[in-house]
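Given next are the chains, with one letter for each unit.
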Amino acid sequence: MVQMKHRALAVMAALLMTGSAYAEQRVVKYNADFDPIPLAAMEALIADFEAANPDIDVQMTNFDHEGYKTAIRNFLTADSPDLANWYAGNRMAPFVTSGQFIEVTDVWEANGLNDALGSAAASMTIDGKKWGVPYTYYQWGIYFNRDAYKAAGAEEPKTWDEFVANCEKFKAAGIDCVTTGTKALWPGAGIFDYLSLRTNGYEWHMDLTAGKIAWTDQKVKDVFAQWAKIQPYTSANHAAIDWQDAAALLVQGKAANYVMGNFVVGVLKEGGMTNDNLGFMVFPEITPGLPRAEEAPTDTIHIPAGAQNVDDAKKFLAFVATADAQTKLNTALGQLPTNKNSTVAADDPFISAGFASLSSAYALAQFFDRDAPAEMAKAGMEGFQEFLVKPENLDAILERLEKTRQKVYQ
Amino acid sequence: MSAFWKANQRRLAPWLFLAPGALMFALYVIIPIFQSLWISFYDWDGLGKATWIGTANYVELVDDDSFYTSLKNNVIWLVLYMLAVPLGLLIAIFLNQTVWGMRVYKSLFFFPFVISQVVVGLMFSWFYAPDFGLFYKLIEWSTGTGVAVLADERFVTYGIIAAGLWPQIAYVMILYLTGLNNVAPDQVEAARLDGAKGWKMLWYVILPQLRPATFIAVVVTVIGALRSFDLVSIMTDGGPYGSSRVLSFFMYEQALSEYGYRMGYGAAIAVVLFAIMMIFISGFIWKMWRDESER
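Residues numbered from 1 in each chain as written. Chains lettered and ligands numbered in written order. Predicted model: local features only at pLDDT ≥ 70, side-chain atom pairs only at ≥ 80, totals over all residues. Heavy atoms only, no water.

**Q** Explain the overall build of chain B residue by residue, including any values.
**A** Secondary structure summary: chain B contains 14 helices and 2 strands in total. Rg of the C-alpha trace for chain B: 24 Å, well past the compact-globule value of 19 Å for 295 residues, more than 25% over. Referenced to the eigenvectors of the C-alpha coordinate spread, the extents of chain B come out at roughly 85 × 75 × 30 Å. Of the contacts formed within chain B by residues at least 6 apart in sequence, a portion of 65% connects residues at least 24 apart. Seen as two clouds, the 19 positive and the 20 negative side-chain charges of chain B have centres 15 Å apart. (Helix = DSSP H or I, 4+ residues; strand = E, 2+ residues; numbered from the N terminus. Rg over C-alpha atoms; globule rule 2.2 N^0.38 Å. Contact = heavy atoms within 4.5 Å. Lys, Arg positive; Asp, Glu negative; His and termini not counted. Charge placed at Lys NZ, Arg CZ, Asp CG, Glu CD.)

Quick look at the structure:
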C-alpha cells in the first residue's frame, strides 16, 4: 500500500512537471453567440489579441444565437467560462443582481473607458458600477424605398407632419406607408420607442420603461395618439409576418418606410436594393425642441462570477475596448464601434449616417425589451401588436399594461 | 443469502425485473411532478434565490387574462381535435378495400403522420401566409379580400387546429385500419344473411368490434390536443397578442422563453395542466381497469 502511494506520487509529480511545460499559456474560455460573419470578425480580433499576448490562449465556444439565450443560464451556474456575450441595459440586470457577473469598474477606470466609451457608459452601469464592456452597437431609424416615394409622388419628409401627410399619397398609390412584421413582436416596439422618445423625450421614456410612470397616464396616450395617425397606413397583415417578410415588401416597392435596425440593410441589399434606391432617415421630430435621443442596442462582453482566469479576462476586455480593435471588428461586422476614437467605413452611407446620428445624439436608448424588464417587455410588445391590429382596444390594452406594471416593479 | 433467494425467488423476481423501469419512471416522471408542485409555491427566476410565496402564483393565475385565453383555447382544441376520430374512421373504411395499388393510397394517407409536426406547422403557415399562401389566395379569389388566418384572433386557433388535425386523422386512420383487419368475417357474413347493410352494419356489427381501436384513438387524440405545443410555437408563437396560447405554451412562455424565467409561475401553470390531464388519465385508467376485471 505504501509503495502504491509512492508510485502515485511519482506519477503525479511527473504529470505536474509536464504540465508546467505547457502552463506558460494561460487559457481564457469565451462563450459567444455570433452569426457567421461576426464570428469571423471576432476570431480575427482574438488572433490579434493572442499575437499581442502570446502567453494567453482564448478558447471561444460559439453557440447558436437563439439557443444562447437559454444556454447562458445553464453555463453561468454549471460550467462557467471566463468571458460571455450578453446585452447592455436591463437585459443584464438579472445576471448582475443574482451575482452572476463580476464588476469590471477597474477595467473602465484603468483604460480611460469612461471617456472613450462615454455614449454606452450609462447602459453598462448598475448601482454605479460597470458590469461589462460594449464592443458594438447599431442605429435604428427609418429605411425607405426611394422608388416607392417616386411612384407615389412623395417628397422625403423633414417633419413628422410631412411624414404623416405622405401616408395619404402612398395610400392613393396602393403602397403601405409604414411596414413592419410583428410576428416576433419586437419590431413593433421599435416604432413605439421612437414615438415615445420623440413625443415625451428620453428621460420620460426611461422612466416609463423603469416602471415609474403609469401606463394609463395621459402622456402614454399622447404617444399612442401619434401612433394612431400612421396605424391605418401600416401593412395590414403585419401580425402574420416576420421582419424579413416586411423587408421583402419594402424591396418590392409595396411599402415605403420601415422603422428598423441597421441590420436590415444586409437583407434589403440581398433582395436587390442598392445605395441608389435605399434611403435612411433619422426618425423625424414630433414635439419641437426635445433633445434628440436614438435607439442603439449595444452588444457586450461580461466576466461571469465563476470565471477561473479573471485577470486575463480583464486584459481581453481592455483590448476589446480599444479604438483600433473596435474599428477593425466593426468594419467587419458592418456595425458601429462604441469607442468614440474609432473610425467607420466612409464608403457605407448607412454606417456613416448612423455614426453621425448616434454620436450627435443627446442620449441612447437600448430597445424596449432591453430597457424594460422581461415580463413588462413581453406584455408591452403584445400590447403594441394588439394596438396596431385593433386601435379601438387601446384603453383595455393600457389597463392591462398598468396591471402588469404594478406586478412587475414592486 | 442463497437460501433466502431460493425461498423468495418467485416473489422477488418480478420486482427485480421491474426495478430499472420503475427507477427511471420515478426519477424522470414521479419525482419531477412533485418538484414542480413544490416550485409552484416559490418566486424563482431559475438563477437567484427562490422565495417562498405560498399560493401567490395561483392567486395571480386566477387573475390572469392570458390564463383564461389559454384555458379556452385548450377546450376548443379538445373538442375539435375529436373530429379526428370519426374522420379517421371514415378514411379507414374508405381505404379498407381490395383495389389494385391500395397500399400506395394507404401510405399516401398515412404520410402526414410520418413528417414532423414542425414541418406540418411550417407548411400550414405558408398555406395561410398573406400575399402568397394558397389558402389566402383562395379566400381572396372567392370573397375579394384575403384573410390572414394566423394574424386574426378570431380564426387563429382554428387555423392551428386544422393543421394539427391533418396528421392526427392519419394516425387515427392507421389505428382503425389495423382494427378493421381484425373484424371477424363470419360475423359480417352472418349479419349480411340477416339483411344488415350500410349504417346498420357499421353501427351494430363493425363499430362494436372496433371498440379497442376507438378507445386508443380517443386516448391519443386527447393527449395530442393537450400537448399541442409544437404547432402553436411554430405557427404563431402564441400570437397575435397571445390569442392562440394554450396552457402548455403559456407554461413554456412563462418559465423558459426569452421573456419568461418565472419558474414558480410556470410550475403553477404546469400543475393546473397536470390536474386537467389527470381527469382524463384517471378516466382512462378506470375504464381499462373495469374492462379487465370484467373478464
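**Q** Could you give me a rundown of the nonpolar core, with the residues and numbers involved?
**A** Residues and elements named next belong to chain A. Judged by nonpolar contacts, the single largest core of 69 residues is most densely connected at Trp215 and Trp227. No other element matches helix H19 (residues 374–389), which puts 7 residues into this core. Setting aside residues no more than four positions away along its own chain, Trp227 makes contact with Gly188, Ile191, Phe192, Leu195, Phe384, Phe387 and Leu388. (Core = buried A, V, L, I, M, F, W, Y, C linked by side-chain atoms within 4.5 Å. Buried < 20%, exposed > 50% of the residue type's maximum accessible area, 1.4 Å probe, protein only.)

**Q** Explain the packing of helix H12 (residues 218–230) of chain A against helix H20 (residues 394–408) of chain A residue by residue, including any values.
**A** The angle between the axes and the distance between the axes are what describe a pair of packed helices. Residue and element names in this part refer to chain A. Axis separation between H12 and H20 bottoms out at 12 Å; the angle between their running directions is 135°. One way to sum up the angle between H12 and H20 is to call them oblique. Between H12 and H20 the crossing geometry is right-handed. Between H12 and H20, the residues in contact are Val220, Lys221 and Phe224 and Leu394, Asp395 and Leu398, respectively. By residue class, the composition of the contact of H12 with H20 is 4 nonpolar, no polar and 2 charged. (Axes fitted to C-alpha atoms, helices over the stretch in contact; angles between N-to-C directions. Parallel < 35°, antiparallel > 145°, perpendicular 65-115°, else oblique. Left-handed = near helix turned anticlockwise from the far one by under 90°. Nonpolar A, V, L, I, M, F, W, Y, C, P; charged D, E, K, R; others polar.)

**Q** With reference to specific residues and values, describe the domain arrangement of chain A.
**A** Note: interface size is frequently given as the accessible area lost on complex formation between the parts. Splitting chain A by domain gives domain 1 (26–137 + 298–348) and domain 2 (140–295 + 373–408). Computed from C-alpha coordinates alone, the two centres of domain 1 of chain A and domain 2 of chain A are separated by 30 Å. (Domains from an automatic or database assignment.)

**Q** If you had to explain unusual backbone geometry to someone new, which residues and values would you point to?
**A** Even without glycine at this site, A:Leu185 takes up a positive phi of about 70°. Structurally, A:Leu185 can be placed in the loop between strand E8 (176–179) and helix H10 (186–200). Of note in this structure, B:Asp237 is not a glycine but carries a positive phi near 60°. Mapped onto the secondary structure, B:Asp237 falls in the loop between helix H12 (230–235) and helix H13 (247–255).

**Q** So what about the environment of B:Met201? Which residues, and what values?
**A** All names here are of chain B. The topology assignment puts Met201 in helix H10 (residues 198–209). Each C-alpha atom, one on Met201 and one on Val188, is 7.9 Å from the other, the two residues being 13 residues apart in sequence. Look past the residues within four positions of Met201 in its chain and what remains in contact with it is Val188, Ala191, Arg192, Ala196 and Ile206.

**Q** Let's hear about the pattern of salt bridges: which residues, and what values?
**A** As enumerated under the stated definition, the model contains 25 salt bridges over all chains in all. Here A:Lys403 and B:Asp63 are joined by a salt bridge, their closest N and O atoms 3.7 Å apart. One end of the pair, A:Lys403, is in helix H20; the other, B:Asp63, is in the loop between helix H2 (56–62) and helix H3 (65–81), on a second chain. Connected through shared salt-bridge partners, A:Arg26, A:Asp55, A:Asp312 and A:Lys315 make up one network. (Salt bridge = Lys/Arg side-chain N within 4 Å of Asp/Glu carboxyl O.)

**Q** Please provide a residue-by-residue account of the interface of chain B and chain A, values included.
**A** The interface is formed by 25 residues belonging to chain B together with 29 residues belonging to chain A. Buried area between chain B and chain A, both sides added, is near 2400 Å², and the carbon and sulfur share of it is 52%. Contact with chain A buries area across many residues of chain B, yet B:Leu47, B:Tyr241 and B:Tyr259 alone supply 37% of it, more than any other trio. Viewed at the interface, chain A and chain B are joined by 6 salt bridges. Between A:Glu375 and B:Arg262 there is a salt bridge; the shortest N-O distance is 3.1 Å. If you look at where chain B meets chain A, you find 10 residue pairs in polar contact (both at pLDDT 80 or more). For the side of chain B that touches chain A, the class distribution of residues is 11 nonpolar, 4 polar and 10 charged. (Buried area = accessible area lost by both parts, 1.4 Å probe. Polar contact = N/O pair within 3.5 Å; in protein donor to acceptor, adjacent residues only side chain to side chain.)

**Q** Before we move on, could you go through the sheet that holds strand E3 (residues 83–87) of chain A and cite the residues and values that matter?
**A** Residue and element names in this part refer to chain A. Reading across the sheet, the 5 strands line up as E2-E1-E3-E12-E6 and stay open at both edges, with mixed pairing between neighbours. The sheet is open, and its two borders are formed by strand E2 (56–62) and strand E6 (133–137), each paired with just one other strand. Taking the axes of each pair of neighbouring strands and ignoring which way they run, one obtains an average angle of 25° across the sheet. Here E6 runs beside strand E12 (residues 298–302); their pairing, made up of 4 bridges, is antiparallel. (Pairing = 2+ DSSP bridges.)

**Q** Outline the side chain of A:His205, supporting the account with residue identities and numerical values.
**A** Tracing the backbone through its elements, the reader meets A:His205 in helix H11 (residues 202–209). Setting aside residues no more than four positions away along its own chain, A:His205 makes contact with A:Phe192, A:Asp193, A:Ser196, A:Leu197 and A:Ala365.

**Q** Break down the side chain of A:Asn330 for me, citing the residues and quoting the values.
**A** Along the polypeptide, A:Asn330 turns up in helix H16 (residues 323–333). Those residues in contact with A:Asn330 that sit more than four places away from it in its chain are A:Tyr135, A:Thr136, A:Gln335, A:Leu336 and A:Pro337.

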